[in-house]
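Topology and contacts: notes
Take a look at the letters that make up each chain.
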Amino acid sequence: MRQHTDLTAAVYNALGTGHENARTRQELCAALRWDYPIITRDDGTGYYIPTPDSRGRVEASMWLSRQNKRQKSIKRATRGARLFVVQRQEG
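Okay, so let's go over this structure. Bear in mind the structure is a predicted one, so any value in this text is a computation, not a measurement.

Reading the values: the criteria
Residues numbered from 1 in each chain as written. Predicted model: local features only at pLDDT ≥ 70, side-chain atom pairs only at ≥ 80, totals over all residues. Heavy atoms only, no water. Helix = DSSP H or I, 4+ residues; strand = E, 2+ residues; numbered from the N terminus. Rg over C-alpha atoms; globule rule 2.2 N^0.38 Å. Buried < 20%, exposed > 50% of the residue type's maximum accessible area, 1.4 Å probe, protein only. Salt bridge = Lys/Arg side-chain N within 4 Å of Asp/Glu carboxyl O. Arc of directions from axis to C-beta.

When its secondary structure is counted, the protein chain shows 4 helices and 2 strands. Listing every helix and strand of the protein chain by position from the N terminus yields α-α-β-β-α-α. Scaling as 2.2 N^0.38, a compact globule of 91 residues should have a C-alpha radius of gyration of about 12 Å, whereas the protein chain reaches 18 Å, well beyond that. Once the C-alpha set of the protein chain is aligned to its principal axes, its extents read approximately 60 × 40 × 20 Å. Taken over 91 residues, the protein chain has a buried fraction of 15%.

What follows is the structure, encoded as structure tokens:
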């Protein structure tokens, strides 16, 4: 229950006051992920905090593994653009 109360306070504090200070879902997730292990479901249907037991740690570990693979894939995918920029600057 304490974790839920802390998360509620964190969400409340991350929100801006007044409609001109509205935050996007991406901004809220980014702010909260600094302090909480907020992960996404594999099927893309939502976000959750893993349970504080071995099952939650396995889920978080699997999520980290998927994110690391995505990072590597993105890095590989940008190779051509990086080479193009360097060649363009040299030429």
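On to the pattern of salt bridges. Under the counting rule described, the total for this entry stands at 3 salt bridges. Note that Asp42 is salt-bridged to Arg66, the shortest N-O span being 2.7 Å. Of this pair, Asp42 sits in the loop between β1 (39-40) and β2 (47-48) while Arg66 sits in helix α3 (residues 54-77); the two residues are 24 residues apart in sequence, bridging distant segments of the chain. The closest approach of N and O atoms between Arg55 and Glu59, which form a salt bridge, is 3.2 Å. Here Glu59 and Arg55 lie together in helix α3, a separation of 4 residues that amounts to about one turn. Given a relative accessible area of 55%, Arg55 falls into the exposed group.

Along helix α2 (residues 25-33), the residues that are buried comprise Leu28, Cys29 and Leu32. Across the axial projection of α2, the buried residues extend over an arc of 95°, all falling on one side.

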